[in-house]
Amino acid sequence: MKKTYFILILVFALFLNACNTKKDKSIESDSLSTVGSYFGQKPPGLIPEIFAPGIISLNGRYEHIISFSPDLDEVYFSASKEDEDPSMYFSRLKDKKWTNPKKANFTKGKKVGEMHPFVSRNGEKIYFVAHDSFTKPHHKESVKIWYVNRLENSWSDAVQLESPINDDFVFYPNQAKNGDLYYFNISKRKTYYAPNINGKFPEAHEVGIGGVHAFISPTQDYIVVNARNREDDQRKSDIYVYFKKKDGTWSKPINLGNEVNSNFAETSPSISPDGKYLFFGRYNEVGGVSNIYWVSTEVINKLRPDGL
């Protein structure tokens, strides 16, 4: 009897151990082996490198824009496959490991497409763009700026921004250090900014620059955009920088040169919260699909005119 009882205990113990092992593996499968900021990648120099290949930048998928939390422990980006509406994904640095990217689905089905995430400078909001399906008539009219608020361990329900900004078709929101909101007005084909007035944006002003996908630097002393290279027919879209002058106006656009731009299209520039790196999309994959690249912002600083 004692022998039979011992065997039952042993079998039960082995069963529990197997369950725990399976549970541990399921926990591990939710995390990546990468550690540290920027998925443990060695920071780039003056030559752009693909960002987080196999994790963020996947073969056969368009990656559009990427945004990090101020502490660099969260990342949000938008991506889509051909003929699909875009979705936003996120990953967090948890227990020194990055979680596998998952869909954010902030609007919970209210809108089919979600893209262009931007984590606010204080990390308390995420601004993004949501819209109806591209297959619907007049879908462009639904392209608006939304946001979510940070809760203790999650995000609030998504809310469409109440502001005259959304009277038009707008996208690519990003925020200056003082809270001013920059965005591109698709209807007017121009970049605007809305001054932050007690957390609201009751008015908007034209920035006075060309290009599209304008992104304000954390220090607010320059803006990067992508635009057609009118001096080279081979360049469909290059990254340019405008530097702010002492009188508050902007310099002429300066091409970032062959170190950044190529015969492929470069689009959707953004700057990391610490101001150290420029991120952008490069359409160099087979079939014209884009991946996210990054490079040191020294490529920008070395172009700064004297006195600016």
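Residues numbered from 1 in each chain as written. Predicted model: local features only at pLDDT ≥ 70, side-chain atom pairs only at ≥ 80, totals over all residues. Heavy atoms only, no water.

Visitor: I'd like a description of the confidence of the model for the protein, backed by residues and values.
Guide: Confidence along the protein averages 88 in pLDDT terms, with 87% of residues attaining 70 or more. For the stretch residues 1-29, pLDDT sits under 50, and the model shows 1 contact to residues farther than four places along the chain or on other chains. (pLDDT = per-residue confidence, 0-100. Contact = heavy atoms within 4.5 Å.)

Visitor: Please set out the sheet that holds strand E15 (residues 212-216) residue by residue, giving values where relevant.
Guide: Spatial strand order, E15-E16-E17-E18: 4 strands in an open sheet with antiparallel pairing. The strands lining the two open edges of the sheet, one partner per strand, are E15 and strand E18 (254-255). The pairing of strand E16 (residues 222-227) with strand E17 (residues 238-243) spans 6 bridges and is classified as antiparallel. The partner of Ile223 across the bridge, within E17, is Tyr242. (Pairing = 2+ DSSP bridges. Helix = DSSP H or I, 4+ residues; strand = E, 2+ residues; numbered from the N terminus.)

Visitor: Any chance you could break down the sheet that holds strand E19 (residues 266-271) for me, citing the residues and the numbers?
Guide: Within a beta sheet, neighbouring strands are joined by backbone hydrogen bonds and run either parallel or antiparallel to one another. With antiparallel pairing, 4 strands are arranged side by side in an open sheet as E1-E21-E20-E19. Single-partner strands in this sheet number two, and they are strand E1 (49-50) and E19. Sheet analysis places E1 next to strand E21 (residues 289-296), joined by 2 bridges and oriented antiparallel. Note that in E21 the partner of Glu49 across the bridge is Trp294.

Visitor: Lay out the environment of Glu162 in plain terms, naming residues and giving numbers.
Guide: For Glu162, the position within the fold is in the loop between strand E10 (159-160) and strand E11 (170-175). Here Glu162 falls in the exposed class, since its relative accessible area comes to 76%. Spatially, the C-alpha atoms of Glu162 and Phe201 are 8.1 Å apart, while their sequence positions differ by 39 residues. (Buried < 20%, exposed > 50% of the residue type's maximum accessible area, 1.4 Å probe, protein only.)

Visitor: So what's going on with the nonpolar core? Residues and values would help.
Guide: Among the nonpolar cores identified, the biggest contains 35 residues, and Ile145, Ile165, Phe171, Val224 and Ile300 are the most heavily contacted of them. Not counting residues within four places of it along the chain, the set of residues in contact with Ile145 comprises Tyr127, Phe128, Val129, Gln160, Leu161, Ile165, Asn166, Val170, Pro173 and Tyr183. Counting 19 residues, the second-largest nonpolar core is a separate cluster that includes Leu32, Phe39, Phe68 and Ile292. (Core = buried A, V, L, I, M, F, W, Y, C linked by side-chain atoms within 4.5 Å.)

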